[in-house]
Amino acid sequence: MEPLDRVLKPKTKRAKRLLEKREPKLTENTKNAMLIKGGNANLTVTGVLKDIEFFSKKSDCSLFMFGSHNKKRPNNLIIGCMFDYHVLDMIELGIEKFVSLKEIKNSKCPEGTKPMLIFAGDMFDLSEEYRRLKSLLIDFFRGPTVPYVRLAGLEHVLHFTAMDGKIYMRSYKVLLKKSGCKIPRIELEDMGPSLDLVMRRTHLASDDLYKLSLKQPKALKPKKKKNISRDVFGTTYGRIHMKKQDLGKLQTRKMKGLRKRPAERMTGDGEGISPKKTKSA
């Protein structure tokens, strides 16, 4: 019987490429989400999964969402993430109110538009469960990492509000209106979907495992540069070490008022020179 920890070498090039894709990378791939519909899911849960799929892509999936419905937990959503092919965090949400994309008769953003995420409410900072939920929602909707974004591309806002034990999700389209100057006037138009959620059960990873999942490789950490510091506003300061300078030899701009008189050059400091006598009338 072969040992379970034995590493099998790939026999084909295709298998080799597949294993190389699964190896740890310095820069992670864009996270994909897998949406799963339970066998007893109703129309509300099915509609939520369909609308969320509009903003996310479906399998090397590190994120998952499972929708189900039963008498004990109606309109149920389970959102979670994986780390090293094991479940890291998993949070159960109940759908109390849902307005689909089709019900709101406004113009929509193109599929794949990178949204701007806004989180409002103290619970996202005070509660560990809400902090983990915030992290999951960011991973679900942030999209690929890009170096630059043009102004016209900022046309989608996802707003999450935690208040009175509920999470309100709203989706808006950004409209750039004429303002009479270079900076346009911004208006938000509701485009859906709209969700009122309540947190139910949670299964969170231990603190040690969560810290391990956040650990960055040393190659990605910025190298510390000597004699360089930054203040709270991001201004960079540099310290330069120089040898002791003789200020007497410092080259300055020559001005007539600073030139020495011939008599001062002969005596050095000009001591012992009697002042000029005034001419008598």
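Please read these numbers as outputs of a predicted model, since none were measured by experiment.

1. Observations regarding the overall build of the protein
Thinking step 1. What the protein contains, in helices and strands, is six helices and eleven strands.
Thinking step 2. A burial count over the protein gives 27% of its 281 residues as buried.
Thinking step 3. Summed over all atoms, the accessible surface of the protein reaches about 22400 Å², with 55% contributed by carbon and sulfur.

2. Brief notes about the side chain of Asp196
Thinking step 1. Tracing the chain through its elements places Asp196 in strand β9 (residues 194–203).
Thinking step 2. Look at Asp196 and you get buried, because its relative accessible area is 11%.
Thinking step 3. Among the polar contacts made by the side chain of Asp196, one reaches the side chain of Arg170 at a distance of 2.9 Å.

3. Observations concerning a nonpolar patch on the surface
Thinking step 1. Residues Val146, Val149, Leu151, Leu154, Leu176, Ile186 and Leu188 make up a contiguous nonpolar surface patch of about 610 Å² in total accessible area.
Thinking step 2. Considering the arrangement of structural elements, one finds Leu151 in the loop between α4 (128–141) and β6 (156–163).
Thinking step 3. For Leu151, a relative accessible area of 53% translates into the label exposed.

4. Notes on the nonpolar core
Thinking step 1. Of all hydrophobic cores here, the largest spans 34 residues; its most connected members are Met65, Ile79, Ile95, Leu133, Phe140 and Phe141.
Thinking step 2. Apart from residues no more than four positions distant in its own chain, Ile79 is found in contact with Phe64, Met65, Asp89, Met90, Ile91, Leu93, Leu133, Leu136, Leu137 and Phe140.

5. Describing α4
Thinking step 1. With 14 residues, α4 should reach 20 Å at 1.5 Å per residue; the first-to-last C-alpha distance of 20 Å fits that figure.
Thinking step 2. Where α4 is concerned, the buried positions are Tyr130, Arg132, Leu133, Leu136, Leu137, Asp139, Phe140 and Phe141.
Thinking step 3. Its side-chain oxygen at 3.4 Å from the backbone nitrogen of Glu129, Ser127 defines the N-terminal cap of α4.
Thinking step 4. Gly143 sits one or two residues past α4 and shows a positive phi near 80°.

6. Remarks on the environment of Lys9
Thinking step 1. Position of Lys9 relative to the elements: it lies in the segment before α1 (13–22).
Thinking step 2. Taking the relative accessible area as the measure of exposure, Lys9 reaches 74% and is therefore exposed.
Thinking step 3. With ten residues separating them in the primary sequence, Lys9 and Leu19 have C-alpha atoms 9.4 Å apart.

7. A look at the packing of aromatic side chains
Thinking step 1. With the rule as written, the count across this model stands at five aromatic pairs.
Thinking step 2. Taking the centre distance of 5.2 Å and the plane angle of 80° together, the rings of Phe119 and Phe124 count as edge-to-face.
Thinking step 3. The class for Phe124 is buried, based on a relative accessible area of 2%.
Thinking step 4. Each ring, one from Phe141 and one from Phe160, has its centre 6.1 Å from the other, and the planes form 35°; the classification is tilted.

8. Re unusual backbone geometry
Glycine aside, negative phi is the norm for most residues, and most peptide bonds take the trans geometry.
Thinking step 1. At the junction of Gly192 and Pro193, the peptide bond is cis and its omega measures out at 0° in the coordinates.
Thinking step 2. For Pro193, the location among the structural elements is in the loop between β8 (185–190) and β9.
Thinking step 3. Backbone geometry at Asn75 places phi at a positive 50°, although glycine is not the residue there.
Thinking step 4. As for its placement among the helices and strands, Asn75 is situated in the loop between β2 (61–68) and β3 (76–83).
Thinking step 5. Phi angles above zero are rare outside glycine, and Asp164 is one such case at about 55°.
Thinking step 6. As for its placement among the helices and strands, Asp164 is situated in the loop between β6 and β7 (166–177).

Procedures and definitions
- Residues numbered from 1 in each chain as written.
- Predicted model: local features only at pLDDT ≥ 70, side-chain atom pairs only at ≥ 80, totals over all residues.
- Heavy atoms only, no water.
- Helix = DSSP H or I, 4+ residues; strand = E, 2+ residues; numbered from the N terminus.
- Buried < 20%, exposed > 50% of the residue type's maximum accessible area, 1.4 Å probe, protein only.
- Areas by Shrake-Rupley, 256 points an atom, 1.4 Å probe, with all protein chains shown as cover.
- Polar contact = N/O pair within 3.5 Å; in protein donor to acceptor, adjacent residues only side chain to side chain.
- Patch = residues over 30% accessible without salt bridge, like charges linked within 9 Å, V, L, I, M, F, W, Y side chains within 5 Å.
- Salt bridge = Lys/Arg side-chain N within 4 Å of Asp/Glu carboxyl O.
- Core = buried A, V, L, I, M, F, W, Y, C linked by side-chain atoms within 4.5 Å.
- Contact = heavy atoms within 4.5 Å.
- Expected span 1.5 Å × (residues − 1).
- Phe/Tyr/Trp six-rings, centres within 6.5 Å; stacked < 30°, edge-to-face > 60°.

Function cannot be read off these values alone, since they describe shape.
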